[in-house]
Amino acid sequence: MTFAIVDDLSVESLQSSYHNGTATPSDVVGSVYTRISDYPDQAIWITLIPKSDALTRARRLESQYPDPSSRPSLYGIPFSVKDSIDIADLPTTLACPSYAYTATSTAPVVQRLLAAGGILIGKANLDQFATGLNGTRSPYGIPRCVHDHEYISGGSSSGSVVSVAAGLVSFTVSTDTAGSTRVPAALNGVVGLKPTLGTISTVGLVPACKTADCVCVIAPTIDSTLKAYEVMHGYDEDDVYARDPQQLAILANQPALLSRSGASAENTYALPPQELVDSVLSPEYASVYGRFLSRLRLESTFKLANEFDYSPFAAANAMLYGSSIVAQRIVAFKDYIDSHGYEKLHPVTDDIFRASDGFSAVQAYQDIFELAKYRRLAAKQFSSSIGVENGGPDCGIDVLIVPSTATHPTVDEMLDDPIDLNKQLGSFTHFVNLLDLCAVAVPLKAHWTSKNGKKMPFSVTLISLPGRDGDLLELGRMIMEMRVD
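Residues numbered from 1 in each chain as written. Predicted model: local features only at pLDDT ≥ 70, side-chain atom pairs only at ≥ 80, totals over all residues. Heavy atoms only, no water.

1. Examining the overall build of the chain
Counting secondary structure elements, the chain contains 20 helices and 13 strands. What you see for the chain is a C-alpha radius of gyration of 21 Å, in line with the 23 Å of a compact globule of 485 residues. Seen through its C-alpha atoms, the chain measures out along the principal axes to roughly 65 × 55 × 50 Å. Classification of the 485 residues of the chain by burial places 59% in the buried group. Here the contacts in the chain between residues at least 6 apart in sequence split such that 75% fall between residues at least 24 apart. For the chain, the accessible area works out to roughly 18,900 Å², and carbon and sulfur atoms hold 51% of it. Computed over 37 positive and 53 negative side-chain charges, the inter-centroid distance for the chain is 2 Å. (Helix = DSSP H or I, 4+ residues; strand = E, 2+ residues; numbered from the N terminus. Rg over C-alpha atoms; globule rule 2.2 N^0.38 Å. Buried < 20%, exposed > 50% of the residue type's maximum accessible area, 1.4 Å probe, protein only. Contact = heavy atoms within 4.5 Å. Areas by Shrake-Rupley, 256 points an atom, 1.4 Å probe, with all protein chains shown as cover. Lys, Arg positive; Asp, Glu negative; His and termini not counted. Charge placed at Lys NZ, Arg CZ, Asp CG, Glu CD.)

2. Description of helix H7 (residues 222-232)
The buried fraction of H7 amounts to eight of the 11 residues, a majority that puts the element mostly inside the structure. Listed in full, the buried residues belonging to H7 are Ile 222, Ser 224, Thr 225, Leu 226, Ala 228, Tyr 229, Val 231 and Met 232. With a side-chain oxygen lying 3.0 Å from the backbone nitrogen of Ser 224, the N-terminal cap of H7 falls on Thr 221. (Polar contact = N/O pair within 3.5 Å; in protein donor to acceptor, adjacent residues only side chain to side chain.)

3. So, empty space enclosed by the protein
Following the criterion strictly, the structure yields three cavities of 30 Å³ or more and no others. A volume near 150 Å³ is recorded for the largest cavity. Thr 177, Ala 178, Leu 320, Tyr 321 and Arg 329 are, among the 15 residues lining the largest cavity, the residues nearest its centre. Secondary structure elements with two or more residues in the lining of the largest cavity: helix H11 (311-322) and helix H12 (328-332). The class makeup of the residues in the lining of the largest cavity is nine nonpolar, five polar and one charged. Empty space within the second largest cavity amounts to approximately 40 Å³. For the second largest cavity, the full set of lining residues is Ser 84, Ala 130, Thr 175, Thr 177, Leu 205, Val 206, Ala 208 and Asp 213. Residues of the lining of the second largest cavity, tallied by class, amount to four nonpolar, three polar and one charged. (1 Å grid on protein atoms, 1.4 Å probe; cavity = no way out; pocket = protein on both sides within 12 Å on 5 of 7 lines; lining within 4 Å. Points joined across faces, edges and corners; volume = space filled by probe spheres on them. Nonpolar A, V, L, I, M, F, W, Y, C, P; charged D, E, K, R; others polar.)

4. Here we look at unusual backbone geometry
In this chain, Gly 155 is followed by Ser 156 through a cis amide linkage whose omega measures 5°. Notably, Ala 95 is not glycine yet its phi reads approximately 60°, a positive angle. Within the secondary structure layout, Ala 95 lies in the loop between strand S3 (91-92) and strand S4 (101-102). In the Ramachandran plot, Phe 129 falls in the positive-phi region, its phi being about 55° despite a non-glycine side chain. By the secondary structure assignment, Phe 129 is in the loop between strand S5 (119-124) and helix H5 (158-165).

5. Here we look at the domain arrangement of the chain
What the domain assignment lists for the chain is domain 1 (11-245) and domain 2 (266-436). Of note, the centres of domain 1 and domain 2, computed from C-alpha atoms alone, are 24 Å apart. The partner domain 2 presents 38 residues to the 38 residues of domain 1 that form the contact. Between domain 1 and domain 2, a total of about 3,100 Å² is buried, with carbon and sulfur atoms accounting for 63% of that surface. One can count one salt bridge joining domain 1 with domain 2. Our count for the contact surface shared by domain 1 and domain 2 stands at 16 residue pairs in polar contact (both at pLDDT 80 or more). Ranked by residues supplied to the side of domain 1 that touches domain 2, first place goes to helix H6 (residues 182-188) with four residues. Residues belonging to the side of domain 1 that touches domain 2 are distributed by class as follows: 20 nonpolar, 10 polar and eight charged. (Domains from an automatic or database assignment. Buried area = accessible area lost by both parts, 1.4 Å probe. Salt bridge = Lys/Arg side-chain N within 4 Å of Asp/Glu carboxyl O.)

6. Observations concerning the nonpolar core
Inside soluble globular proteins, nonpolar side chains tend to come together where they are buried. If you look at the biggest cluster of nonpolar residues, it comprises 129 residues, and the most contacted ones within it are Phe 171, Val 173, Phe 292, Leu 400, Ile 401, Phe 431 and Ile 479. No other element matches the seven residues that strand S12 (residues 438-449) contributes to this core. If you count residues domain by domain, this core takes at least three from each of domain 1 (11-245) and domain 2 (266-436). Apart from residues no more than four positions distant in its own chain, Phe 292 is found in contact with Ile 401, Leu 444, Val 460, Ile 479, Met 482 and Val 484. Judged by nonpolar contacts, the second largest core, of 12 residues, contains Phe 129, Val 206, Phe 333 and Tyr 342. (Core = buried A, V, L, I, M, F, W, Y, C linked by side-chain atoms within 4.5 Å.)

7. Some details on the sheet that holds strand S1 (residues 45-48)
Across the sheet, 11 strands lie side by side as S1-S5-S2-S6-S8-S7-S12-S13-S11-S9-S10; this open sheet has mixed pairing. Of all the strands in the sheet, just S1 and strand S10 (302-304) have a single pairing partner and so form its edges. Each neighbouring strand pair of the sheet contributes to a mean axis angle of 30°, computed without reference to strand direction. Note: S12 against strand S13 (residues 455-464), nine bridges, orientation antiparallel. Counted as the bridge partner of Ala 441 is Thr 461 from S13. Where H7 meets the sheet, its contacts fall on strand S6 (171-176), strand S7 (191-194), strand S8 (214-219) and S12, and the angle it forms with S8 comes to roughly 150°. Packing of helix H10 (residues 283-296) onto the sheet brings it into contact with strand S9 (267-270), S10, strand S11 (399-403), S12 and S13, and relative to S12 it is tilted by some 110°. (Pairing = 2+ DSSP bridges. Axes fitted to C-alpha atoms, helices over the stretch in contact; angles between N-to-C directions.)

Structural data, given as structure tokens:
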């Protein structure tokens, strides 16, 4: 069977093509599987849905929704799912064959996407047990950066991000505990949304760190990210960490940052201390980041804060690997470790799990109290929309802007230094989940050059209080439109 060639898989482009009748879901599925077979990186997938099954799904949608005006919001949109999230009758592996099991039910977030007309293409590779920010810790292979295959893809959502950045799907369902969506999105030049904790169900996600885990979206554009997020988010009473409907309503009713003082409102931003930036950014990244800051100072819609205290963010960032918080990994996989020990793990995962054990209950409570203090101190750095609305002082920042990551190693460099380089990748990511903030990583119109002469992306991450997901995406859109180079 011959299918029309579909070049642009962004959600907004496919919706336009479907509405105009220039493409069908079957055309899109045909194009997707041709691209997958032609793409040289075969480490993207752990489980690929058979093409015949995806075509059956596409034809069923075409038959069920002949009228464009009655189609669900993600009609015919192909997507992938990180293989730490359950889908009924498919294996959930977490990139560990000895851990793998066949799921008996589908995670609610995936159910929502399927109910909205999405077409599942496959389950994507990841750093084993979602432990790592680099993408090299999987027995199923090492996904590579789409811009230069000698460089890492980033992780732990490694296969997920490559499936998007290579144009094989329209978006992916990823996860983020310490930067596992934002770092790979940055390294491949796409958008990575780490939404407010408790707004997307984590039921059916095998936890890495249950109190900080977040189901996320990676997509090529802001609009594609928004369209996926609008379907994915919502209250799930079975999720013990879900924000309740009243909390969600309060967050949804916050005045939007961009409309707070009219269309020309200034958004007050802060930056990490220059001495921290200088200590962790690679020379290539430092050059692009400097050019970005010069351009940002010229933007009338952004104003640099006069006062800002980064210390609670830095302190929380250090806690992820330097405190008992990491022991949640042992809790999540205790049954597996009791049965199998550490011997069948990836060698780096083995080292990390062993280092995560042995914390006392006293230490755990001390860390809980310490993190609560940092969370309160960090929140005080942001402006209070409630205070502004009630005539209170308009103080604090609207958004914290940081480099999404600090460097972009080659695969060989990462394999030679798997621990310290991984920590460097998370220099500006770990604190976001721990401090209950939302964030979006966005690529700039700026590049650096790889050792092979390839143009490589650079990204910044916008961070704000919970519930500001939509605001950050719109601010991210503005930043993506800036001409930096």
